[in-house]
Amino acid sequence: MHSNSANVTFVRPATFFINGFSNIPHAKYYYVFLCFVYAVTVLGNSFIMCIIYLARRLHTAKYIAVFNMALSGLCGSSNLIPKLIDMFLFEHQDISYEACLMNMFFVFHFMNVQSLTLLALAYDRLVAICFPLRYHAVITKTSMSLIIGCMWIFSMSLLAVLVGLVNRLSFCGSTVVNSYFCDHGPIISLSCNSNSINYLMAYILFGLLICLPVILISLSYFCIAAALLKIAHGADRIKAMKTCTSHLLLVAISYLPILSVNVKAFSTSIDLNARIINNSLSQIIPPMLNPIIYALKTEEVMQSIKELYKRNKVNTIIERNVKQRK
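Residues numbered from 1 in each chain as written. Predicted model: local features only at pLDDT ≥ 70, side-chain atom pairs only at ≥ 80, totals over all residues. Heavy atoms only, no water.

Caption draft 1: The arrangement of the overall build of the chain in detail. The helix and strand inventory of the chain stands at 10 helices and five strands. When the 326 residues of the chain are sorted by exposure, 43% land in the buried category. For the chain, the proportion of contacts with a sequence separation of at least 24, taken over those separated by at least 6, is 80%. Surface exposure of the chain reaches about 17,200 Å², of which carbon and sulfur atoms provide 67%. Computed over 25 positive and 12 negative side-chain charges, the separation of the two mean positions in the chain equals 12 Å. (Helix = DSSP H or I, 4+ residues; strand = E, 2+ residues; numbered from the N terminus. Buried < 20%, exposed > 50% of the residue type's maximum accessible area, 1.4 Å probe, protein only. Contact = heavy atoms within 4.5 Å. Areas by Shrake-Rupley, 256 points an atom, 1.4 Å probe, with all protein chains shown as cover. Lys, Arg positive; Asp, Glu negative; His and termini not counted. Charge placed at Lys NZ, Arg CZ, Asp CG, Glu CD.)

Caption draft 2: Highlighting the UniProt feature "transmembrane region" (unreviewed entry) in the chain. The UniProt record annotates "transmembrane region" (unreviewed entry) at residues 29-54, 61-81, 101-123, 144-166 and 200-229. Helix makes up 100% of residues 29-54 and strand 0%, and the two end C-alpha atoms of the span are 38 Å apart. Between the end C-alpha atoms of residues 144-166 the distance is 34 Å, and the span holds 91% helix and 0% strand. (UniProt positions renumbered as here; feature names shortened; annotations may be inferred.)

Caption draft 3: Broad picture of the confidence of the model for the chain. With 95% of its residues at a pLDDT of 70 or more, the chain has an overall mean of 87. For the chain, strand β1 (residues 2-5) is the element with the lowest average pLDDT, namely 46, and helix α5 (residues 141-164) is the one with the highest, namely 95. Segment residues 2-7 is flagged for pLDDT under 50; beyond a separation of four residues in sequence, or across chains, it makes seven contacts in the model. (pLDDT = per-residue confidence, 0-100.)

Caption draft 4: Just the state of the cysteines, in detail. Applying the stated criterion across every chain, the model contains two disulfides. The side chain of C100 participates in a disulfide bridge whose partner is C182; the two sulfur atoms lie 2.1 Å from each other. Between C100 and C182, the S-S dihedral sits near -125 degrees, and the bridge is therefore left-handed. On the criterion of sequence distance, the pair formed by C100 in helix α3 (residues 97-130) and C182 in the loop between β5 (176-177) and α6 (184-188) is long-range, its members being 82 residues apart. With respect to class, C100 is no different from C182; both count as buried. Two residues, C172 and C192, share a disulfide whose sulfurs are 1.8 Å apart. Judged by the sign of its S-S torsion, about -130 degrees, the bond between C172 and C192 is left-handed. Here C192 lies in the loop between α6 and α7 (196-229) and C172 lies in the loop between α5 and β5, a separation of 20 residues in the sequence. Numbered in order of appearance, the disulfide-bonded cysteines of the chain are paired 1-3, 2-4. Distance from the sulfur of C211, which forms no disulfide, to the nearest cysteine sulfur (C223) is 20 Å. (Disulfide = S-S within 2.5 Å.)

Laid out in structure tokens, this is it:
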């Protein structure tokens, strides 16, 4: 689309070309690996959501947040990986302008929801360990549902502004995006007119949705550590610590790669291929590991799985006996 205003030509391209890896032999094997990751992500997160839905003992405020983590991880991976495979395995690398902005919005939205959900889970652990007597009064299903709902609205509102601001940019030169999806930074860097407000908004969102949760989660664990040191019995201390291990693992897996690549980007330029591998893995691996970590590391979930299995086994035996009597 072209429009003239005060002798300035405004250009909106029909399509962008997503470039992906640059001169890497056998890159297709990486995309095949992503197929495997996606299959595990879909099965794992669907499984954990079903367990939470079916097991009454998991109908608690904490598991509303865990369910939301699984849902946002599944939606985020479904928005990213199938499109990525279609683009690079089947060479459909052209994407329309409107579809590109939509892809940008949803990839970042679900990534941000996962980040904010980790913060909600940190809040849950903080109240449980530091204020155990008030836990059931403060952390209720209603309050957690409100927190999760506000997170979705907060993320969507900020990203609507971020993506909406792309429409003010003119793309009169190259439309080749040096990334593996419609990434905000590589796209706005292609613009011909001033993109300073776009970069400013990107820094604000990175601070609010990634850096701030990391700071608040770190502060919550300092408070948790202080509370654990006051516990006299070692066995009680270990029991309380075990309730945090799943969450701490997810925090490390989710934030360390994103923060490391962004901190490094401020000081030196990062190789395109290294950036694509780091960023893509930091987006797709946490949603895959989330259900595995919660299933293996959380006693409540393991007990619920065993109970559901036994219940299903008993129901199968009863049905078989009824059929035999008939």
